[in-house]
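Structure assessment
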Amino acid sequence: MAIGYTWDVSTCDTYPTKDSKSDVVYNVHWKLTATDDTNKDSEGNNWTATFYGTQLLDTSDLSSFIEWSSLTASDVQGWVETALTADTVTAMKTKLDAEIAEKVTPTSVTKVLS
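Because the structure is predicted, anything quoted here is derived from the model rather than measured. Numbers given for residues are sequential positions, taken from 1 along each chain in its written order. Note on the predicted model: pLDDT of at least 70 is required for a residue's local features to be given, and 80 or more for side-chain atom pairs to be given and counted; whole-chain, interface and lining totals, by contrast, use all residues. As a convention, hydrogens and water are excluded, and side-chain values are obtained from all of the structure's heavy atoms.

1. Notes on the packing of aromatic side chains
Going by this rule: Side-chain rings of Phe, Tyr and Trp, where Trp is taken by its six-membered ring, are said to pair if the distance between their centres is within 6.5 Å; with planes under 30 degrees apart they count as stacked, over 60 as edge-to-face, and otherwise as tilted. Strands are runs of DSSP state E lasting at least two residues, helices are runs of H or I lasting at least four, and both sets are numbered from the N terminus onward. Each residue gets one of three labels from its accessible area relative to the maximum for its type: buried under 20%, exposed over 50%, partly exposed in between, using a 1.4 Å probe on protein chains only.
This structure, assessed with the given rule, holds 2 aromatic pairs. A centroid spacing of 4.1 Å and a plane angle of 15 degrees characterise the contact between tyrosine 15 and tyrosine 26, whose relative ring orientation is stacked. One end of the pair, tyrosine 15, is in strand E1 (residues 3–18); the other, tyrosine 26, is in strand E2 (residues 21–40), with 11 residues separating them in the sequence. A relative accessible area of 22% places tyrosine 26 in the partly exposed class.

2. A look at the pattern of salt bridges
Rule in force here: Take a side-chain nitrogen of Lys or Arg and a carboxyl oxygen of Asp or Glu: if they are within 4 Å of each other, that pair is a salt bridge.
As enumerated under the stated definition, the model contains 2 salt bridges in all. As a salt-bridge pair, aspartate 19 and lysine 18 come within 3.9 Å of each other at their nearest N and O atoms. Its salt-bridge partner being lysine 103, residue glutamate 99 comes within 3.9 Å of it at the nearest N-O pair. Residue glutamate 99 and its partner lysine 103 are located together in helix H2 (residues 86–104), separated by 4 residues, close to a single helical turn. Note on glutamate 99: relative accessible area 33%, which makes it partly exposed. By relative accessible area, lysine 103 is classed as partly exposed at 32%.

3. Considerations on the pairing of E2
Our working definition: Strands pair, by our definition, only if DSSP identifies at least two bridges between them.
Two elements, E1 and E2, share 13 bridges in a ladder whose sense is antiparallel. Its bridge partner being in E2, cysteine 12 is matched across the sheet by valine 28. Hairpin remark: E1 followed by E2, antiparallel, with 2 residues in the connecting loop; positive phi at aspartate 19, about 50 degrees. Alignment of E2 against strand E3 (residues 46–56), held across 10 bridges, turns out to be antiparallel. By the bridge assignment, histidine 29 is partnered in E3 with threonine 54.

4. Quick look at helix H1 (residues 73–84)
For an α-helix, 3.6 residues make a turn, and residues three or four places apart therefore share a direction. The test is simple: For a helix, the expected span equals 1.5 Å multiplied by the residue count minus one. Note: the arc covers the axis-to-C-beta directions of the helix. What makes two residues a contact is simply this: any of their non-hydrogen atoms within 4.5 Å.
With 12 residues, H1 should cover 16 Å at 1.5 Å per step; its first-to-last C-alpha distance of 16 Å lies within 8% of that length. Regarding H1, the residues found buried are Val76, Val80 and Leu84. Angular distribution of buried residues about the axis of H1 spans 70 degrees; they occupy a single face of the element. Every exposed residue of H1 that faces more than 90 degrees away from the buried side is listed here: Ser74 and Thr82. Where H1 is buried, its residues contact E1, E2, E3 and H2. One or two steps after H1, the chain reaches threonine 85, where phi turns positive at roughly 85 degrees.

5. Some thoughts on H2
Compared with the 27 Å implied by 1.5 Å per residue over 19 residues, the 27 Å span of H2 between its first and last C-alpha is a close match. Considered for burial, the residues of H2 that qualify are Val89, Met92, Leu96 and Ile100. For H2, the arc enclosing every buried residue in end-on projection is 75 degrees, short of the 170-degree limit, so these residues lie on one face. Away from its buried face, by an angle of more than 90 degrees, H2 presents the exposed residues Asp87 and Lys95. Elements in contact with the buried residues of H2: E1, E2, E3 and H1.

Keep in mind that these numbers describe shape and distance, not what the molecule does.
Rendered as structure tokens:
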């Protein structure tokens with residue numbers, strides 16, 4: 001099972017103005033999706049698992065400020081991962097892996113009597 005991870009960090013809350021800067025990102029609404037590129041569900045779709053969250057960012061030092069028009073998803077993802085910490089990101093990916101493994105080979109199945 002080969003699992004890839006995709007971040008969506010496109011939705012950000014901004015301060016219209018802070019310390020004479022415009023559109024200062026202070027909170028990111030993120031989604032981390034794991035996709036199994038090997039195993040598929042009964043409809044032929046790759047198995048996925050997703051975490052959603054929000055991450056407040058430290059805006060006390062704007063010395064490395066990036067203008068909104070120049071900001072990339074990669075920039076924001078880096079901020080989110082740094083704020084979450086590497087250990088937390090690793091733990092989330094491990095949990096997503098386990099969730100997909102449970103979908104591929106379930107340890108419990110709910111059935112309904114007719």
